[in-house]
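# Coordinate analysis (summary)
Here are the chains, one letter per residue:
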Amino acid sequence: MAFGPHLLLAALEGLVTSAVLALTALGLSLVFGVMRVVNVAHGEFYMLGAVIAWWVASLVGGHPAVGFLAALVISPLIVGVIAFAAERLVLARLSYSPEATIVATIGMLYILQQAALSLYGPEARPVPPPFNYRILLPWFGYSGYKLSVVVASALLLLATWYVLAKTRIGLVMRATQYDRETAQAFGIPVGQVYAGVFALGAMLAAVAAVLIVPISQAHYLMGHDPLLLSFIVVIIGGLGSLRGTVVAAVAIGMADGIISVFFSPTLAKIIATLLVALVLVFRPQGLFGETAR
Amino acid sequence: MTAVLTISGLDCYYGAVQVLRGFSLTLERGEVHCLLGRNGAGKTTALKAIMGLVPARAGSIVLKGRELTRLPPHEVPKAGIAYVPQGRRLFAEMTVAENLEIGLMTRGKGDQTRESVLELFPLLRERLRQRSGTLSGGEQQMLAMARALCLEPDVLLLDEPTEGLMPSMIARIRETVATLGQRGVSTILVEQRVDAVLPVATRVTFVDTGRARQTVAVEEVRANPGMVMHYVGVT
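None of the values given here were measured: they were computed from a predicted structure. (Residues numbered from 1 in each chain as written. Chains lettered and ligands numbered in written order. Predicted model: local features only at pLDDT ≥ 70, side-chain atom pairs only at ≥ 80, totals over all residues. Heavy atoms only, no water.)

## Regarding helix H1 (residues 3-35) of chain A
All names here are of chain A. End to end, H1 covers 46 Å across 33 residues, agreeing with the expected 48 Å (1.5 Å per residue, within 8%). Burial within H1 is extensive, with 24 of its 33 residues counted as buried. Positive phi appears at Arg36, one or two residues downstream of H1, with a value of about 60°. (Helix = DSSP H or I, 4+ residues; strand = E, 2+ residues; numbered from the N terminus. Expected span 1.5 Å × (residues − 1). Buried < 20%, exposed > 50% of the residue type's maximum accessible area, 1.4 Å probe, protein only.)

## Looking at the UniProt feature "transmembrane region" (unreviewed entry) in chain A
Per the UniProt annotation, the sites labelled "transmembrane region" (unreviewed entry) are residues 6-33, 45-62, 68-90, 142-164, 193-215, 227-252 and 259-282 of chain A. Between the end C-alpha atoms of residues 259-282 of chain A there is a gap of 24 Å, over a span that is 92% helix and 0% strand. (UniProt positions renumbered as here; feature names shortened; annotations may be inferred.)

## Quick word on the domain arrangement of chain B
Residues and elements named next belong to chain B. Entries for chain B in the domain assignment read domain 1 (3-80 + 153-232) and domain 2 (90-152). Taking the mean C-alpha position of each, domain 1 and domain 2 sit 23 Å from one another. Contacts between domain 1 and domain 2 engage 18 residues on the former and 13 residues on the latter. Between domain 1 and domain 2, roughly 1300 Å² of surface is buried when both sides are summed, and carbon and sulfur atoms account for 74% of that area. Viewed at the interface, domain 2 and domain 1 are joined by 0 salt bridges. Linking domain 1 with domain 2 are 1 residue pair in polar contact (both at pLDDT 80 or more). Sorting the residues of the side of domain 1 that touches domain 2 by element identifies helix H2 (76-79), strand E7 (155-159) and helix H7 (167-182) as the ones contributing at least two each. At 7 residues, H7 tops the list of elements feeding residues into the side of domain 1 that touches domain 2. Looking at the side of domain 1 that touches domain 2 residue by residue, the classes come out as 11 nonpolar, 3 polar and 4 charged. (Domains from an automatic or database assignment. Contact = heavy atoms within 4.5 Å. Buried area = accessible area lost by both parts, 1.4 Å probe. Salt bridge = Lys/Arg side-chain N within 4 Å of Asp/Glu carboxyl O. Polar contact = N/O pair within 3.5 Å; in protein donor to acceptor, adjacent residues only side chain to side chain. Nonpolar A, V, L, I, M, F, W, Y, C, P; charged D, E, K, R; others polar.)

If you want it as structure tokens, here you go:
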């Protein structure tokens, strides 16, 4: 294949990675931005989303699209409920202390991972894509489903932006993010907002996983890479910044896709990690973040 | 006069340190009640305790017959107490309109309340789309008060509202507090600057080491400057 089409293929792969990464990282970024909690278990909510998607799709049967759509609704809901319960039962009782919540979410990571291993098993299992359609470009054919993942992610990111910027729920979340004590003095039930945000963050990761599971496979250890890449994205973009998260996810995803195709996936990870180090040294608040108050 | 807010024997702690010791105070309808005392005397803590932001280990806070002491902090403003914290604590990244919206949402108030608040602070009407963090100090103080008044509160708690402001702005704030008093809103005003608050105060409570030591009519304070010197250290 000539260089041009090869580059286009790499860019398309990078775009799919970017789209899924943006959703996953946005969940992590929201949780940190509003709650100041570093959720080390975020990747496990992603893994749960994929595992539950496989379970739902297997139970529903029939046309793959029916199982997939059922998974797209049910899986994030179940993950959201689990995250809500974890927030109420664990994080709220630790009074959101930064150090204690890091340790607690590490504990959650292992509990969720081992629960998945026990109940789901060590196998990697695929979920059939809802449709099989190849877009025929002059140089190669490309999966229509992969492009639909990009469109779905973009729509979800837009919806999240709309909720945060234009609705009362978003106003309440932003007020809690900016000043927890003043938010309480204006009738905002901060504990409930935190629980909702933690659930929403986990649900965004779960949606990303449901979208990706027809391309990769559901596996109990699949949460590690998304967690690492999400941290890279939110550190570069700026914790709590939606715009920064999207820009950084596109940059990291595209670089990952292109460098992986032309050189090696390991080199892509090395460059991303180097970029994080540079951002931490020269702009610790991230490209679009603000200095901590 | 009728007592709107009654605080009795309030004990509060920061960790192991007791900061309020049997703090008691009665607030009448429409009065401007000033808390004076040195730095660290417990004035700000008293306001935070009323808002439920610092939990009370003993004592009671009763607003118009309703016990507030054990309410979660977010329920206190809904009962009718609005708080303007020290340093304004605006949501600086939000617009003026969004800050007001937060205030309106607290007790489910609507456009009518918003309009009456903007009549009181007409300058804010021109700034509705501006980010509140970019307002001048005086404008920020106006917005902080406007946001609180969006609750249509029975009681307004003002913590050092004149801090860092020009004399003309201080006069505006005094004027607004007096107007609110005439409308039946009771105010607890915490201040370091005695000269800034005495013209508008009805009664003064001197706070020292976490206790409300003495409550007197403002005329008595004017007649006896030594009292201010004793509790605040300046006149």
